[in-house]
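# Examining the three-dimensional arrangement
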Amino acid sequence: MYSQGLIGADGRSDETPEFLAAFQARVDAEEKIEPNDDMPEGYRRTLVRQIGQHAHSEIVGMLPEGNWITRAPSLRRKAALLAKVQDEGGHGLYLYSAAETLGVTREQMTEELLDGRAKYSSIFNYPTLSWADIGTIGWLVDGAAIMNQIPLCRCSYGPYARAMIRVCKEESFHQRQGYEIVMKLAQGTPEQKAMAQDALNRWWWPSIMMFGPHDADSQHSDQSMAWKIKRFTNDELRQKFIDATVPQAEYLGLTLPDPDLKWNEEKGGYDHGPINWDEFWSVVKGHGPMARDRIKARRKAWDDGAWVREAALAHAEKRKARREAAPLAAE
Ligand code: BYC
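Residues numbered from 1 in each chain as written. Predicted model: local features only at pLDDT ≥ 70, side-chain atom pairs only at ≥ 80, totals over all residues. Heavy atoms only, no water.

## A word on the overall build of the protein
The test is simple: Here a helix means four or more residues in a row that DSSP labels H or I, a strand means two or more in a row labelled E, and each is numbered from the N terminus. Throughout, the radius of gyration refers to the C-alpha atoms, and the reference size of a globule is 2.2 Å times the residue count to the power 0.38. Three labels apply to residues, based on accessible area from a 1.4 Å probe with only protein chains included: buried if under 20% of the type maximum, exposed if over 50%, partly exposed otherwise in between. Should any heavy atoms of two residues lie within 4.5 Å, those residues are counted as being in contact. The charge count treats Lys and Arg as positive and Asp and Glu as negative. His and the chain ends do not count. Taken as the charge location is NZ of Lys, CZ of Arg, CG of Asp or CD of Glu.
Counting secondary structure elements, the protein contains 13 helices and 2 strands. For a compact globule of 331 residues, the expected C-alpha radius of gyration is about 20 Å, and the protein comes in at 22 Å, within 12% of that figure. C-alpha atoms of the protein, sized along the principal axes, occupy 80 × 50 × 30 Å. Across the 331 residues in the protein, those meeting the buried criterion constitute 48%. A separation threshold of at least 6 residues defines the contact pool for the protein, and within that pool the share at least 24 residues apart is 79%. Where the 42 positive side-chain charges of the protein centre and where its 48 negative ones centre are 6 Å apart.

In structure tokens form, the structure reads like this:
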């Protein structure tokens, strides 16, 4: 099994130019690459890295919102939040399965997450301090996720692209339910509106950072775009997200915490203020406010679930032994 070099793996390949050109021709012809097809090692490594990190993000992403299930303000809100958090767990499972088609196991990916080698999205290292955070996460974080993930439905790797179709349908529902929570607060008492504004102030910049470094600093984008794993660059997606979100904030009567946000007629989009990349890289390197808690919670879940994995394995082995013994017994 390929346990080395998955994390931070670059897209370099050692194959012959003819092999790489033939592969590129398939990608350029929009053919889907499937698990048993020949593929450059760099392509496989890039996908394992991205899909693995994506899967971890979905699972770790259950934690900040799960924190509010017991405190949701009504039965209806609780049921919707519970369903949303379960959806995220499902997304993680589709994505781990998609990565497994490339020759890694879920155990290997999980170990890399727990020992700090694997990344997960920076956004989930921030705390959820009020009920308004739950609405804001749905509106902004799921909104950013959709912007990033709709193009992944056209990713050149078949299993990832197919997993993303269902993920995007569910994320779209999440975004709407989040926006509706924020809308209710924004139209509520002055205290509720202030709570919504406070959440927006805290989540706006981290949401903008989710799209990753500026294109000039994105080490993987060029190769991933050439292989049609990514269809848009980090900055292109960030711009689309900002352009879509500004009118949504205006409709709510809330203010985005960026005094430099201004419509630029020439480019047909909003200009924004400088992003705090020191904060981003510090969070990515594991120093986010909730980083330690997130990994501690994942480690506990992994350890507490060990007996389930062992029991499932023992059961599968017993069934296999019974199946193998059955034809002999029948003779
Ligand atoms: N956080 O060369 P770059 C969700 C890393 S799930 C942490 O541009 P790439 C949701 C990057 O990995 C959200 N690390 O990379 C779930 C690379 O480091 P390595 C997750 C980040 O891969 C539940 C380095 O920086 N979404 O939305 O071309 C509820 C250089 O970056 C981040 C996905 O995973 C970050 N924000 O582009 C609600 C989508 N950004 O790996 C919502 C799939 C960058 O060399 N992933 N880094 O050590 C992608 O689309 C791409 O991987 C990214 C980065 C756009 C994230």
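## Here we look at the pattern of salt bridges
As a reminder, the rule being used: Take a side-chain nitrogen of Lys or Arg and a carboxyl oxygen of Asp or Glu: if they are within 4 Å of each other, that pair is a salt bridge.
Applying the stated criterion across every chain, the model contains 20 salt bridges. A salt bridge links Glu30 to Lys228, with the shortest nitrogen-to-oxygen separation between them at 3.9 Å. Of this pair, Glu30 sits in the loop between helix H1 (17–28) and helix H2 (41–60) while Lys228 sits in the loop between helix H9 (221–226) and helix H10 (234–252), and the two are 198 residues apart along the sequence. The salt bridge partner of Asp304 is Lys300, with a shortest N-O separation of 2.6 Å. Taken together, the positions of Asp304 and Lys300, both in helix H12 (residues 291–304) and 4 residues apart, correspond to about one turn of that helix. Relative accessible area serves as the criterion here: at 52%, Lys300 is assigned to the exposed category. The network of salt bridges with common partners includes Glu65, Lys84, Glu88 and Asp142.

## A look at helix H11 (residues 277–287)
The condition that has to hold: The arc refers to the directions leading from the helix axis to the C-beta atoms. Each polar contact in these results corresponds to two N or O atoms within 3.5 Å; when the atoms are within protein, one needs to be able to donate a hydrogen and the other to accept it, and residues that are neighboring in sequence are counted only if both atoms are side-chain atoms.
Here H11 has its buried residues at Trp277, Phe280 and Val283. An end-on view of H11 places all buried positions within 125° of arc, on one side of the element. Set apart from the buried face of H11 by more than 90 degrees, the exposed residues are Asp278, Lys285 and His287. Tucked inside the fold, the buried residues of H11 contact helix H8 (190–209) and H10. You can read the cap of H11 off the contacts: a side-chain oxygen lies 3.2 Å from the backbone nitrogen of Asp278, and it is on Asn276.

## Some points on the packing of H8 against H10
What counts is decided by this rule: Lines are fitted to the C-alpha atoms to define the axes, a helix being fitted only along its stretch in contact, and any angle between axes, read from their N-to-C directions, falls within 0 to 180 degrees. Amino acids outside the nonpolar list (Ala, Val, Leu, Ile, Met, Phe, Trp, Tyr, Cys, Pro) and the charged list (Asp, Glu, Lys, Arg) are all regarded as polar, and Gly is one of them.
The N-to-C vectors of H8 and H10 enclose an angle of 150°; their axes lie 10 Å apart at closest approach. Between H8 and H10, the residues in contact are Trp204, Ser207, Ile208 and Met209 and Arg238, Phe241, Ile242 and Thr245, respectively. Taken together, the residues that form the contact of H8 with H10 break down as 5 nonpolar, 2 polar and 1 charged.

## Some words on the side chain of Asp258
For Asp258, the location among the structural elements is in the loop between H10 and strand S1 (262–264). Lys267 is the oppositely charged side chain nearest to the buried, salt-bridge-free Asp258, at an N-O distance of 10 Å. Within the local environment of Asp258, its side chain forms a polar contact with the backbone nitrogen of Asp260, the two atoms lying 2.9 Å apart. Look past the residues within four positions of Asp258 in its chain and what remains in contact with it is Trp204, Trp205, His272 and Gly273.

## Quick word on the site of the ligand
Put simply, the rule reads: Residues are classed as near a molecule or strand on a simple rule: at least one heavy atom within 4 Å of it. Here the Shrake-Rupley method, with its probe set to 1.4 Å, supplies the accessible areas, and only the displayed protein chains count as covering residues.
In the region of the ligand, 33 residues are neighbours, and Lys119, Ser218, His220, Lys230 and Asn234 sit closest. In this structure, Asn148 approaches the ligand through a side-chain N or O atom, which is 3.0 Å from an oxygen atom. At a separation of 2.8 Å, an oxygen atom of the ligand approaches a polar side-chain atom of Asn234. When the ligand sits alone it has 1000 Å² of accessible area, and the protein chains cover 95% of it. Contributing elements (two or more residues each) for the shell around the ligand: H2, helix H6 (131–149) and H11. Broken down by element, the shell around the ligand gets its largest block of residues, 6 residues, from H2. A per-class count over the shell around the ligand returns 13 nonpolar, 14 polar and 6 charged.

## A look at the packing of H6 against helix H7 (residues 158–186)
Our working rule: Note on convention: near helix rotated counterclockwise from far helix by under a right angle means a left-handed crossing. Clockwise means right-handed.
For the pair H6 and H7, the least separation of the axes is 7 Å and the interaxial angle reads 145°. Read as a crossing pair, H6 and H7 show a hand that is left-handed. Counting all contacts with H6, which are made through Trp131, Ala132, Ile134, Gly135, Thr136, Gly138, Trp139, Asp142, Gly143, Ala145, Ile146 and Gln149, the residues of H7 involved are Met164, Val167, Cys168, Glu171, Ser172, His174, Gln175, Gly178, Tyr179, Ile181, Val182 and Leu185. In the contact of H6 with H7, the residues fall into 13 nonpolar, 9 polar and 2 charged.

## Some remarks on the packing of aromatic side chains
For clarity, the threshold we go by: Stacked, edge-to-face and tilted labels apply to pairs of Phe, Tyr and Trp rings (six-membered ring for Trp) whose centres lie within 6.5 Å, assigned for plane angles under 30 degrees, over 60, and everything in between, in that order. The rule is short: NZ of Lys or CZ of Arg within 6 Å of the ring centre and within 35 degrees of the ring normal puts a charge over the ring.
According to the stated counting rule, one finds 10 aromatic pairs in the structure shown. Taken together, a centroid distance of 5.0 Å and an interplanar angle of 75° make the contact between Trp263 and Tyr270 edge-to-face. The exposure class of Tyr270 is buried, given its relative accessible area of 15%. Geometrically, the ring pair formed by Phe280 and Trp281 is edge-to-face, given 4.8 Å between the ring centres and 75° between the ring planes. The ring of Phe232 carries the charged tip of Lys240 above its face, separated from the ring centre by 4.6 Å. Between the NZ or CZ atom of Arg309 and the centre of the ring of Trp302, over which it lies, the distance is 3.6 Å.

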